[in-house]
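# Understanding the architecture of this molecule
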Amino acid sequence: MSTITASQIDALLPQTQCTKCGYPSCHDYALAIANGDASYNQCPPGGAEGIRRLASLLGKPEIPLNPSNGEERERPVAIIRESFCIGCTLCIQACPVDAIVGAGKQMHTIVPDLCTGCELCIPPCPVDCIDLESVTPGKTGWAAWSQAQAETSRLAFDRRKIRLVREKEENDARLAAKAVAKLEAVNAEATQNEAEAAEKARKKAIIEAAIERARLKKLEAEQKAQNNE
């Protein structure tokens, strides 16, 4: 009997990245199913049809959607009441597929064709200006979604992950450069007495410790990335 892989399972998930299954992404949920840590009835966006597809792949019986994960429903799209938006960017940070356009202290808007209806943008909104609107009246689960939309969502999610890693690396590089420049400035400071020399040594030790922590953190991240390949 061949082993079912996480990739095979992931290919049958709707890629809404809503976390309603209890995992941070569709891929993580697929891994959990493949490892026997999760059941195949925890995806509300996939609904009964999603469970049927997974059951067929896994060679298991069709079972009802676990109500603790939510319910199958018409596919919603988030809408920002723009006159109330304060431009806090919290919804942008929460969106798993970069479907929200905007900038700090500027009005945000949602691109309907990219929104998966995951609802993750709603809890962090401090002014409660995001609503959900059904765009598939009478259609739920995979009847309200398509494989093409799932693939588009997967690509958007993957691009966002790459962007976040790149932005973090760029920010870390800026901070590292600032720390090196600060260390050079401290080393160049002249001291007139023991008190000034002690203060210079203290500042130097703090900066060197910060640089070393950053180096170790970067090394740990690189090793983790290698282990995940």
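Just above, that's the structure.
Just so we're clear, the structure is a prediction, and the values are computed from it rather than from any experiment. (Residues numbered from 1 in each chain as written. Predicted model: local features only at pLDDT ≥ 70, side-chain atom pairs only at ≥ 80, totals over all residues. Heavy atoms only, no water.)

Our next topic: the overall build of the protein. Counting its regular elements, the protein contains six helices and four strands. Of the regular secondary structure in the protein, the N- to C-terminal order runs α-α-α-β-α-β-β-β-α-α. For 229 residues, the compact-globule estimate of 2.2 N^0.38 gives 17 Å, and the C-alpha radius of gyration of the protein, at 24 Å, exceeds that figure by more than 25%. Among the 229 residues that make up the protein, the fraction classed as buried is 31%. Long-range pairs, those at least 24 residues apart, make up 61% of the contacts in the protein between residues at least 6 apart in sequence. Surface summary for the protein: the accessible area is close to 13,900 Å², and the carbon and sulfur share equals 56%. Side chains of the protein give 28 positive and 31 negative charges; the mean places of these two sets differ by 3 Å. (Helix = DSSP H or I, 4+ residues; strand = E, 2+ residues; numbered from the N terminus. Rg over C-alpha atoms; globule rule 2.2 N^0.38 Å. Buried < 20%, exposed > 50% of the residue type's maximum accessible area, 1.4 Å probe, protein only. Contact = heavy atoms within 4.5 Å. Areas by Shrake-Rupley, 256 points an atom, 1.4 Å probe, with all protein chains shown as cover. Lys, Arg positive; Asp, Glu negative; His and termini not counted. Charge placed at Lys NZ, Arg CZ, Asp CG, Glu CD.)

Summarising the element assignment, S153 is placed in helix α5 (residues 147-188). For S153, a relative accessible area of 4% puts it in the buried group. The contact partners of S153, leaving out residues within four places of it in the chain, are Q15, T16, Q17, V97, T116 and W145.

With 18 residues, the main nonpolar core has I80, C91, I100 and I130 as its most contacted residues. At the level of elements, β1 (76-80), α4 (90-94) and α5 are the ones that each hand at least two residues to this core. The element contributing the most residues to this core is β1, with three residues. Beyond its immediate chain neighbours, meaning those up to four positions away, I130 contacts A78, I79, I80, R81, C91, C121, I122 and C125. (Core = buried A, V, L, I, M, F, W, Y, C linked by side-chain atoms within 4.5 Å.)

Let us now look at α5. When the terminal C-alpha atoms of α5 are compared, their 62 Å separation across 42 residues agrees well with the 62 Å that a helix rising 1.5 Å per residue should span. What α5 keeps buried is the set A150, S153, R154, A156, F157, R160, A179, L183 and V186. (Expected span 1.5 Å × (residues − 1).)

Taking 1.5 Å of rise per residue, 12 residues should cover 16 Å, and helix α3 (residues 47-58) covers 16 Å from first to last C-alpha, within 8% of that figure. Elements in contact with the buried residues of α3: α1 (6-10) and α2 (26-34).

Attention shifts here to the pattern of salt bridges. Counted by the stated rule, this structure contains 16 salt bridges. Taking the shortest distance from any N to any O, the salt bridge between R163 and E167 comes out at 3.1 Å. Of this pair, R163 and E167 both sit in helix α5, four residues apart, which is roughly one turn of that helix. R163 sits in the partly exposed class, given a relative accessible area of 23%. For D172, the salt bridge is made with K168, and the minimal N-O distance between the two is 2.8 Å. You can see D172 and its partner K168 sitting in helix α5, four residues apart, about one turn around the helix. (Salt bridge = Lys/Arg side-chain N within 4 Å of Asp/Glu carboxyl O.)

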